[in-house]
Amino acid sequence: MPGRVLTFHLAAEGLMQIIRNPKDVLSGLLFIVLALLFAWQTQELPMGTAVRMGPGYFPLLLAILLGGLGLVVLVNGLRFPGEMPSGIAWRALGVITLAVVFFGFAVRPLGFLPALAASVFVSALASRKFHVVTALAITAVMVVFAWAVFIKGLGLPLPLLGPWLGGY
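Residues numbered from 1 in each chain as written. Predicted model: local features only at pLDDT ≥ 70, side-chain atom pairs only at ≥ 80, totals over all residues. Heavy atoms only, no water.

Trainee: An account of the environment of F112 is requested, with residue identities and associated values reported.
Mentor: Tracing the backbone through its elements, the reader meets F112 in helix α5 (residues 112-124). Put simply, F112 and V143 are 31 residues apart on the chain and 9.2 Å apart in space, counted from C-alpha to C-alpha. (Helix = DSSP H or I, 4+ residues; strand = E, 2+ residues; numbered from the N terminus.)

This is the structure we're talking about:
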């Protein structure tokens, strides 16, 4: 039994010589796994073409971008030194989960833009490094970006304001 422990320890040391930034390597692997999962989920959807996008085209494109980002983060974790993961940020995980659930429930009664603004604002405050002014700036940029992409660019029929705010 002590020989197996020593073998495992030596293998772990050899692996740690290859992995210079474990936090980035784990993040990159997580991004790649999520991208593969999302790409697999788009198999049933019609793709269409670049000119006439089907319902599976944009999610697949996002999955490919996420996988590419994961690959970049993974390679950087192998190239540049960094720190070990320090644990799970439970507060941030809870706040971001709450913001996503809120968006899902609030998008119909409030409308696309107010639900998105509230969700982005709360998500930005999940980090202790962001302040209220930074969160407001991020919210404004994201709302304008989402409006430009989803409403103007893709022409999705999302109501900007919901019935609770006088829309429809």
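Trainee: Run through helix α2 (residues 22-41), naming residues and quoting values.
Mentor: When the terminal C-alpha atoms of α2 are compared, their 29 Å separation across 20 residues agrees well with the 28 Å that a helix rising 1.5 Å per residue should span. Every buried residue of α2 is listed here: P22, V25, G28 and A35. Projected down its long axis, α2 shows its buried positions confined to an angular sector of 155 degrees, all on one face. Opposite the packed face of α2, turned more than 90 degrees from it, sit the exposed residues L26 and V33. (Expected span 1.5 Å × (residues − 1). Buried < 20%, exposed > 50% of the residue type's maximum accessible area, 1.4 Å probe, protein only. Arc of directions from axis to C-beta.)

Trainee: Which residues make up the environment of I32, and what are the values?
Mentor: Looking at the element boundaries, I32 is found in helix α2. On a C-alpha basis, the gap between I32 and G70 in space is 5.2 Å, while along the polypeptide they are 38 residues apart. Those residues in contact with I32, other than ones at most four positions away along the chain, are G67, G70, L71 and L74. (Contact = heavy atoms within 4.5 Å.)

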